[in-house]
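# A closer look at the structure
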Amino acid sequence: MKDIIQASSRTEIIRIVAVYAVVGALWIYLSDSFLEMLIDDPHIIARISIYKGLMFIALTSTLLYVLISRYVKRISTHLDERNQALQMIAQQKTLLDLVVEGTTDAVYIKDADGRYLLANSAVSRFVNKPVQEIIGHDDTKFFPREEALALMEKEKWIMSRGETFTYEECLTTHDGERFFSSTKGPVFGEDGSVTGLFGISRDITQRTLVERTLDKRTSLLDALLANLPVGVFMVEAPSGKPLIANQKAQELLGRGILPAVNRENLSELYEVYKSGTSERYPNDEMPIVRGMRGESVCVDDLLVVRPDGTSRLLEIFGAPVLDQSGNPWASLVCFQDITDRKDQEDKKLRFEKLESLGVLAGGIAHDFNNILTGIMGNISFARIFIEQGHSAFNPLVEAEQASVRARELSQQLLTFAKGGKPIKREIVIRRLVAESVSLVLRGSNVKGNIYIDDSVHSVRADEGQIEQVFHNMVLNATQAMPGGGNLTISARNLLADSVSPLELAPGPYVAISFADEGCGITDDALKKIFDPYFTTKSAGNGLGLASAHSIITRHGGGIDVESKVGKGSTFTVYLPSTGKTLSGDEEPLDGKRDDSHTGGTILVMDDEEVIRDVSAEMLEYLGYKVTKCSDGDEAVNMYLDSMKSGSPFFAVIMDLTIPGGMGGKEAAVKILAIDSDATLVVSSGYSNDPIMADYANFGFSAAVAKPYTISELGRVLSILQLGAGKRPEL
């Protein structure tokens, strides 16, 4: 500015002098020439010249005054403008200093070699040095050398590009690692060359740490959502627009997020039904919609049909996601597949029903069997005395057959009795299947096809109970094919592991399948098929499959069914096997059957008079002497007396249950204390009582279940006599 003013002053002075010289020269030359033309007198000319000189002085003085005044005024204006410019610069510098020092961002200018030319207090704070110790130094004095060199190299690159860049950088300061968002650009000289670099750096350490924490949490949340064993689904409130669906949710629903979904069509687009019905799940009742209303709810009746046609029953928990004002801005649901669990619960419920039915069934069957013992015993005894051609013979046969059917019904009831155990022995499956098929299919239009080879293992089972199961399987298949068809029965060996079907205990099994070509079973009926008294047949009693289920369960096995309406059903029975094969010829017998009896005295203990009487008549016919009593106390005393008399009883037939008195179990203990070789036969209307199954462990030599015929009673006694008083395996 000073040079500009000095140059301007010199120019103005030269202009003034030039004007003065030109005006003076013109005045002298023109005035003298004009006088010479007008006046010839030298004296007059001399006098006029004096006045002319005075006028010249006056004119030139006036001219100089005007010119100098204009110059001074112009100089004054320039000075005012200069002062104003200086004041403005000073103000701008003050404002700039306020901004630079007032900001929390680091503001700095460096020369081309990276030395600080300017640094504000924020720079001082970050490097923990006063400003005067910063100016003139580069970054190697304030940061670790490798970091500083890398920083300077980056800034040289920015200067070489001639552009401004904003980026994040990390530096190690006196108080640890700090993160900055920096804007840096070149400083240009008057000639346009880059002379240095300016920079503004904002400390974003806290924000970066928060972002990193959020990133970690987001990663953890993503990993959690991806690996959760439950589906997670979130929608926006109140629109219902889907926001989040993890992989498990997509697997369970069979679909990903459907962009067209809203709160009005959730149920329709995701094909959601109310379990047990064909109705769409009401949108307003869905947990995810209720969550939009601020409700937390859990339901277990939501059935979703997936695109592949499979359906899954879901348990869903829904809850609102609230904003800071406590209003729902989203709705979140978590759900899991409970299809298998529900099936297991249904099976458990069916089992509990069977167990509760057992208490009633056991009592009824016991009394029923006591009555049947009198009926069957007398009928079988009466047949002995009537010739086959007698008019009463056939009615007696029919009555006995009816009694046998009544006993089968009683046995079905007893399969539900709690605590009952099957009386097991080693048997061959093929023989039992063949007998059931032959018996049931005789005279029907159903063809039985048996595919069971010799490699199928034998099983330890109650032959009568398993016959009952197979009988029910074949009968059900026949009734499912009223127009005829094929019943295919096959068996295979199976080694169950910890994830076996029906939760079978690990070990060897035989799986017997009964496949028909009948009408099939609906899904609703399949859920109840093993329930007691549930039947789809007008003439059925609903006990066949229920009793089969109970029998197989008590044998440690399982029973399952697969069915398609219009295509048929396949029932599969799983029975624990021996793990070895056994041909029909090798199948163990109960013992040699011999109708000859060598006599002896038998004590019959039973609280029912009709049973005592009919048993006595049958035993006497077989050649035995009979003594009767009604409870265990009498039996013990009578046995003791017989021992003292030297004529002990050959055998004691004892009823297990004596209301209000000592039963067979307690009486057996006392009799064996008197005579450890006593031959005791347990008899009960609870034919599947644990003692009936394991009679030898309770001191008994044999067991005979009520109701029984004279031939069954005689067979047991014959085996006992052949065993010479030992306890045989019956």
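Just so you know, the residues in each chain are numbered from 1, in the order the chain's sequence is written. Reporting of local features is limited, given that this is a predicted model, to residues whose pLDDT is at least 70; pairs of side-chain atoms are given and counted only at 80 or more, and all residues count toward the totals for whole chains, interfaces and linings. To get the side-chain values, take all heavy atoms of the structure and skip hydrogens and water.

With that settled, the discussion passes to the overall build of the protein chain. On a plain count of helices and strands, the protein chain comes out with 20 helices and 23 strands. Partly exposed residues are those whose accessible area sits between 20% and 50% of the maximum for their type, while under 20% is buried and over 50% is exposed, using a 1.4 Å probe and protein chains only. Out of the 730 residues belonging to the protein chain, those deemed buried represent 41%. We call two residues in contact when some of their heavy atoms are within 4.5 Å. Pairs at least 24 residues apart make up 60% of the contacts formed inside the protein chain by residues separated by at least 6 positions. Summing over all exposed atoms, the protein chain offers an accessible surface of approximately 39100 Å²; the carbon and sulfur share of this is 56%. Strands here are runs of E lasting at least two residues and helices are runs of H or I lasting at least four, both read from the DSSP assignment and numbered beginning at the N terminus. All accessible areas in this document rest on Shrake-Rupley with a 1.4 Å probe, and a residue is counted as covered only by the protein chains that are shown.

Here we take up the confidence of the model for the protein chain. What pLDDT reports is the predictor's confidence in each residue, on a scale of 0 through 100. Here the protein chain averages 80 in pLDDT, and 82% of its residues register 70 or above. Counted against residues more than four places away or in other chains, residues 538-542, with its pLDDT under 50, gives nine contacts. In this model residues 584-594 is a low-confidence stretch, pLDDT under 50, and it forms 20 contacts with partners more than four residues away in sequence or in other chains.

Now for the pattern of salt bridges. Salt bridges are counted wherever a side-chain nitrogen of Lys or Arg sits within 4 Å of a carboxyl oxygen of Asp or Glu. Tallying each qualifying case throughout the model produces 24 salt bridges. Taking the shortest distance from any N to any O, the salt bridge between Arg 207 and Glu 211 comes out at 3.4 Å. Of the two residues, Arg 207 and Glu 211 both sit in helix α6 (residues 205-227), four residues apart, roughly one turn of that helix. Among the ionic contacts, a cluster of salt bridges with common partners joins Lys 110, Asp 139, Glu 155, Glu 169 and Lys 184.

Let us look at the sheet that holds strand β20 (residues 625-629). Judged by pairing direction, the sheet is parallel, and its five strands sit side by side in the order β20-β19-β21-β22-β23 without closing on themselves. In the strand order of this sheet, the two ends are held by β20 and β23 (702-705), each with one partner. Between one strand axis and the next, the sheet turns by 20° as a mean value, whatever way the strands run. Pairing of strand β19 (residues 601-605) with β20 involves five bridges; the strand directions are parallel. Paired with Val 604 across the bridge in β20 is Lys 628. Interaxial angle, 0 to 180 degrees, is taken between N-to-C directions of lines fitted to C-alpha atoms, where a helix line uses only the stretch in contact. Contacting β19, β21 (651-655) and β22 (680-684), helix α18 (residues 664-674) crosses the sheet at an angle of about 155° to β21. When DSSP finds at least two bridges between two strands, those strands are taken to pair.

On to empty space enclosed by the protein, then. Buriedness of a pocket was judged along seven lines, with at least five required to meet protein on both sides within 12 Å; pockets are open sets of points on a 1 Å grid over the protein atoms alone, cavities are sets where a 1.4 Å probe fits but cannot get out, and lining residues have an atom within 4 Å of a point. Grid points are joined across faces, edges and corners, and a volume is the space filled by probe spheres set on the points. All told, the structure shown has five cavities of 30 Å³ or more when counted by the stated rule. Taken as a whole, the largest cavity encloses approximately 180 Å³ of empty space. Forming the walls of the largest cavity are 13 residues, and the residues nearest its centre are Phe 233, Leu 253, Met 286, Ile 316 and Val 333. Counted by class, the lining of the largest cavity contains 13 nonpolar, no polar and no charged residues. What the second largest cavity holds in volume is close to 150 Å³. Taken together, 16 residues form the lining of the second largest cavity, with Tyr 108, Tyr 116, Phe 143, Leu 171 and Ser 201 sitting closest to its centre. Any residue outside Ala, Val, Leu, Ile, Met, Phe, Trp, Tyr, Cys, Pro, Asp, Glu, Lys and Arg is labelled polar, Gly included; the first ten of those are nonpolar and the last four are charged. Considering only residue class, the lining of the second largest cavity consists of 10 nonpolar, one polar and five charged.

Nonpolar cores were defined as sets of buried Ala, Val, Leu, Ile, Met, Phe, Trp, Tyr and Cys residues, with membership established by side-chain atoms within 4.5 Å. Residues Ile 429, Phe 470, Met 473, Ile 512 and Phe 514 are the most contacted members of the largest nonpolar core, which totals 38 residues. Mapped onto this core, the elements with two or more residues apiece are α12 (429-441), β14 (459-461), α13 (463-480), β15 (485-496), β16 (507-515), α15 (544-554), β17 (558-564) and β18 (568-576). Not counting residues within four places of it along the chain, the set of residues in contact with Ile 429 comprises Ile 452, Val 459, Phe 470, Val 510, Ile 512 and Leu 575. Counting 24 residues, the second largest nonpolar core, distinct from the first, contains Ala 237, Ala 249, Leu 252 and Leu 302.

Moving on, we get to the environment of Glu 426. In this fold, Glu 426 is placed in strand β12 (residues 425-427). With relative accessibility at 15%, the residue Glu 426 sits in the buried group. As for Glu 426 and Ala 461, which are separated by 35 residues in sequence, their C-alpha atoms are 6.5 Å apart. Counting of polar contacts relies on pairs of N or O atoms within 3.5 Å, with two restrictions inside protein: one atom must be capable of donating a hydrogen and the other of accepting it, and residues adjacent in sequence are counted only when both atoms are side-chain atoms. Among the polar contacts made by the side chain of Glu 426, one reaches the side chain of Ser 458 at a distance of 2.9 Å.

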